[in-house]
Amino acid sequence: MTKRCAIIGGGIGGLTAALCLDERGWMIDVFEQAEAFSDVGAGIQLSPNAMAIYAALDPQLALRIQAAAIAPAGLEMRDGLTGRGIFKVDLQAPDGKRSYAVERWGQPYVNIFRPRLVEILADELAANRAVSLKLAAEVNLDQFDTLTRTYDLVVVANGLHSQIVQQRFRAQPPALSGHIAYRAVVQGGNCVPRTSCVYLGVDRHAVTYPVMTSGGPASNIVAIIEASRTAAATVGTGWQTDDARQAALAAFQGFASPIGSLLDSAEIVRPWALYHRAPLRAWHTRNAVLVGDAAHPMLPTFAQGAAMSIEDAWVLAREVSGLHPLNKALGRYTAFRLPRVVMIYHQAKRNLKLFHRKGWLSRRLALASARIAASLQPNIILSRFDAVYGVDVTSDD
């Protein structure tokens with residue numbers, strides 16, 4: 001008999017979980033609280049470990065994602081105060097005809113506009129699949145309880161602020177990190193970067209990378225500052241884009257080009273308070289299970305939040321579609337995923353400290369050491385990426 005699954009949340013993790021479970025013969029209902037998928041958003045980075053899942057699901061799906069994305073020429077780190085380079089990892093040949101990412105990690109590294117990725121995944125689900133996508137379908141606690149009695153499996157993929165996670169999985173609310181991220185997408189112009197680059201400052205940093213939108217190539221910028229938890233908690237309450245732009249410009253005054261010009265020319269600058277919570281140790285209760293930020297909300301400073309939810313989706317579908325009873329299968333899913341997301345979570349926290357290094361001498365020494373190491377032993381940088389980008393969870397099948 002065909003098994004039925006309810007997925008709460010129609011974001012990247014929830015839609016990918018639907019694709020993975022559908023591929024293994026499940027009937028799926030996806031419940032998304034939004035009335036429509038928004039065309040407003042920002043870019044995300046899909047590293048090779050994430051692209052491996054889409055390639056395993058359907059090579060044509062992976063190609064559609066690549067066609068809607070931009071492959072950056074490399075990954076860079078620069079001193080945000082001087083603009084001086086610290087290291088660069090090339091991801092493709094100068095002529096664009098060879099992908100070093102594919103050669104080393106098996107899949108490309110691409111940047112994509114988040115609403116476009118959601119659209120592609122939703123379209124894939126709508127094409128001849130046993131999936132029902134229900135919009136304007138927020139699930140409250142009582143409805144969640146009903147779903148657990150009605151479906152064989154309930155996947156909770158509705159993000160870090162999920163009341164279901166806090167009330168039914170007894171998780172603490174995510175904590176404010178004490179940082180504000182200013183996000184913007186700047187269309188066209190001559191400033192579209194070729195690489196994904198992080199600019200390091202004191203108590204702040206910025207990341208830029210190219211992304212494809214419906215209006216063509218654009219620059220995605222995320223500029224993060226340290227702030228009191230009280231200040232961070234007010235973000236989004238009464239903020240206007242001009243307020244956010246002026247606050248961001250003031251915070252990054254004197255930063256290396258092109259940070260100031262991008263923030264100044266952005267049509268919309270959105271402030272976000274950053275939250276995190278150590279990965280939960282228990283990801284399931286009875287027949288309900290967590291995916292993505294619902295289980296492990298992490299800081300964006302390793303660009304792996306989306307990738308971890310995509311990996312979760314594949315491993316969950318594999319385990320619950322095997323020979324083990326559901327409770328054991330869900331336990332195996334958690335056991336497979338927990339060590340990896342714990343590693344990524346802590347590396348993101350370490351990255352934040354590195355990016356915001358305080359103290360003139362400490363900062364100069366750290367940047368000089370990193371620059372020398374990258375120059376003399378470039379493979380050290382690559383090997384650090386191998387443990388993340390080089391992992392293909394589909395190879396365990």
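Keep in mind the model is a prediction, meaning the values are calculated, not measured.

J.: For this particular structure, what's the right way to read the sheet that holds strand E15 (residues 288–290)?
T.: Strand pairing within a sheet occurs via backbone hydrogen bonds; the two strands may be parallel or antiparallel. Spatially, E7-E2-E1-E8-E15-E14 is the arrangement adopted by the six strands of the open sheet, whose pairing is mixed. Strands with a single pairing partner mark the edges of an open sheet, and in this sheet they are strand E7 (131–134) and strand E14 (284–285).

J.: Would you mind going over the side chain of Asp-145 with me for this structure?
T.: The topology assignment puts Asp-145 in helix H6 (residues 141–150). For Asp-145, a relative accessible area of 17% puts it in the buried group. A polar contact of 2.9 Å, which involves the side chain of Asp-145, links it to the side chain of Arg-168.

J.: Looking at this structure, I do not really get empty space enclosed by the protein. What am I missing?
T.: Rolled over the atoms, a probe as big as a water molecule pinpoints where empty space is left. For the coordinates displayed, the defined rule picks out one cavity of 30 Å³ or more. Counted as a void, the largest cavity has a volume near 30 Å³. For the largest cavity, the full set of lining residues is Leu-19, Glu-23, Leu-57, Leu-61, Glu-124 and Arg-129. Its residues placed into classes, the lining of the largest cavity shows three nonpolar, no polar and three charged.

J.: Got a minute to help me understand the packing of aromatic side chains in this structure?
T.: For any pair of aromatic rings, geometry is given as the distance between the ring centres together with the angle between the planes. For the structure on display, the rule yields five aromatic pairs. Between Phe-252 and Phe-255, the ring centres sit 5.0 Å apart and the planes meet at 85 degrees, which makes this aromatic pair edge-to-face. A residue is classified by how much of its surface remains accessible, and Phe-252, at 3% relative accessible area, is buried. Its relative accessible area of 11% is what places Phe-255 among the buried residues. The structure contains a cluster of three or more aromatic residues connected by ring pairs, namely Trp-105, Tyr-109, Phe-385 and Tyr-389.

J.: Help me understand the nonpolar core in this model?
T.: Considering soluble globular proteins, one finds that nonpolar side chains tend to be buried as a cluster. Counting 105 residues, the largest nonpolar core has Leu-46 and Tyr-54 as the members making the most contacts within it. Among the nonpolar cores identified, the runner-up in size contains 24 residues, and Ile-180, Tyr-182, Ala-244 and Ala-251 belong to it.

J.: Would you take a moment to explain the pattern of salt bridges for this structure?
T.: Two side chains that carry opposite charge are able to pair once their charged atoms sit near each other. Taken as a whole and judged by the stated rule, the model has 16 salt bridges. Between Asp-145 and Arg-168 there is a salt bridge; the shortest N-O distance is 2.9 Å. Highlighted residues: Asp-145 in helix H6 and Arg-168 in helix H7 (residues 163–168), separated in sequence by 23 residues. Judged by relative accessible area, which is 30%, Arg-168 ranks as partly exposed. The shortest N-O distance in the salt bridge between Asp-203 and Lys-358 comes to 3.3 Å. Taken as a pair, Asp-203 in the loop between strand E10 (196–200) and strand E11 (204–213) and Lys-358 in the loop between helix H12 (326–355) and helix H13 (360–376) lie far apart in primary sequence, 155 residues in all. Assessed through its relative accessible area of 22%, Asp-203 is described here as partly exposed. Several salt bridges converge on common partners, so that one network encompasses Glu-311, Asp-312, Arg-337 and Arg-340.

Calculation rules
Residues numbered from 1 in each chain as written. Predicted model: local features only at pLDDT ≥ 70, side-chain atom pairs only at ≥ 80, totals over all residues. Heavy atoms only, no water. Pairing = 2+ DSSP bridges. Helix = DSSP H or I, 4+ residues; strand = E, 2+ residues; numbered from the N terminus. Buried < 20%, exposed > 50% of the residue type's maximum accessible area, 1.4 Å probe, protein only. Polar contact = N/O pair within 3.5 Å; in protein donor to acceptor, adjacent residues only side chain to side chain. 1 Å grid on protein atoms, 1.4 Å probe; cavity = no way out; pocket = protein on both sides within 12 Å on 5 of 7 lines; lining within 4 Å. Points joined across faces, edges and corners; volume = space filled by probe spheres on them. Nonpolar A, V, L, I, M, F, W, Y, C, P; charged D, E, K, R; others polar. Phe/Tyr/Trp six-rings, centres within 6.5 Å; stacked < 30°, edge-to-face > 60°. Core = buried A, V, L, I, M, F, W, Y, C linked by side-chain atoms within 4.5 Å. Salt bridge = Lys/Arg side-chain N within 4 Å of Asp/Glu carboxyl O.

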